[in-house]
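Secondary and tertiary structure notes
Listed below, chain by chain, are the residues.
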Amino acid sequence: MNILDIGIDIVEIGRIKEAINKNNRFLEKIFTENEIEYFKSNNFRVESIAGNFSAKEAISKSLGTGIRNFNFKDIEILRNEIGKPIVKTYNNLEKICIDYNVLEIKVSISHCKEYAVANAITIIKEWYYEQ
């Protein structure tokens, strides 16, 4: 096992709240149905939504791509039974992960009153070098 890269992102919770209020399709454009169900189970707490958004950005950075050749909904961040974030990939991102020999993407999410922050580490089976 090796680390492909790490990523970090921070977002103002107020910006996410504004985006949700301005665009009633914001959640559907960025998050999977399972993520929206998770938010619903937490009364749509904006800090949780901002945390997931920040995690998606951090994951894209840990792959070294940013949000390119895949979309936000190709990343799904759910929680296990004790609340630990678990990352799943779909569609184009799943293909990218196969090409990069990704074994797992780990993510940590935190927030305070004004900000949500996340970091991600992409673990690969063997070194991958883009030619």
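Scroll up for the structure.
This structure is a prediction, so every number in the text was calculated from the model and none was measured.

This paragraph deals with the overall build of the protein. A tally of helices and strands in the protein yields five helices and five strands. Overall size of the protein, expressed as C-alpha extent along the three principal axes, is 45 × 25 × 25 Å. In the protein, once contacts between residues fewer than 6 apart in sequence are set aside, the share between residues at least 24 apart is 58%. Here the protein has roughly 8,000 Å² of accessible surface; of this, 49% comes from carbon and sulfur atoms. Each charge class in the protein was averaged separately, 18 positive and 19 negative side chains, and the resulting centres sit 4 Å apart.

Here the structure, examined in full by the defined rule, presents four salt bridges. Two residues, Lys56 and Glu35, come together in a salt bridge whose shortest N-O distance is 2.9 Å. Pair noted here: Lys56 is in helix H4 (residues 46–62) and Glu35 is in helix H3 (residues 33–41), with a separation of 21 residues, a long-range link. Judged by relative accessible area, which is 0%, Lys56 ranks as buried. A salt bridge links Lys106 to Glu104; the nearest nitrogen and oxygen atoms lie 3.2 Å apart. Residue Lys106 is classed as partly exposed on the basis of its relative accessible area, which comes to 37%.

Let us now look at the packing of helix H1 (residues 13–22) against H4. Following both chains from N to C, one finds H1 and H4 inclined at 100 degrees, their axes separated by 9 Å at the closest point. With respect to their mutual orientation, H1 and H4 come out roughly perpendicular. Mapping the contact onto sequence places Ile13, Ile16, Lys17 and Ile20 in H1 and Val46, Glu47, Ile49, Ala50 and Phe53 in H4. A per-class count over the contact of H1 with H4 returns seven nonpolar, no polar and two charged.

Another aspect to go through is the packing of H3 against H4. Where H3 meets H4, the closest approach of the two axes is 10 Å, and the angle between their N-to-C directions is 150 degrees. The angle between the axes of H3 and H4 places the two elements in the roughly antiparallel class. Mapping the contact onto sequence places Glu35, Tyr38 and Phe39 in H3 and Ser48, Ile49, Asn52 and Lys56 in H4. Each residue belonging to the contact of H3 with H4 can be placed in one class, and the counts come to three nonpolar, two polar and two charged.

Reading the values: the criteria
Residues numbered from 1 in each chain as written. Predicted model: local features only at pLDDT ≥ 70, side-chain atom pairs only at ≥ 80, totals over all residues. Heavy atoms only, no water. Helix = DSSP H or I, 4+ residues; strand = E, 2+ residues; numbered from the N terminus. Contact = heavy atoms within 4.5 Å. Areas by Shrake-Rupley, 256 points an atom, 1.4 Å probe, with all protein chains shown as cover. Lys, Arg positive; Asp, Glu negative; His and termini not counted. Charge placed at Lys NZ, Arg CZ, Asp CG, Glu CD. Salt bridge = Lys/Arg side-chain N within 4 Å of Asp/Glu carboxyl O. Buried < 20%, exposed > 50% of the residue type's maximum accessible area, 1.4 Å probe, protein only. Axes fitted to C-alpha atoms, helices over the stretch in contact; angles between N-to-C directions. Parallel < 35°, antiparallel > 145°, perpendicular 65-115°, else oblique. Nonpolar A, V, L, I, M, F, W, Y, C, P; charged D, E, K, R; others polar.

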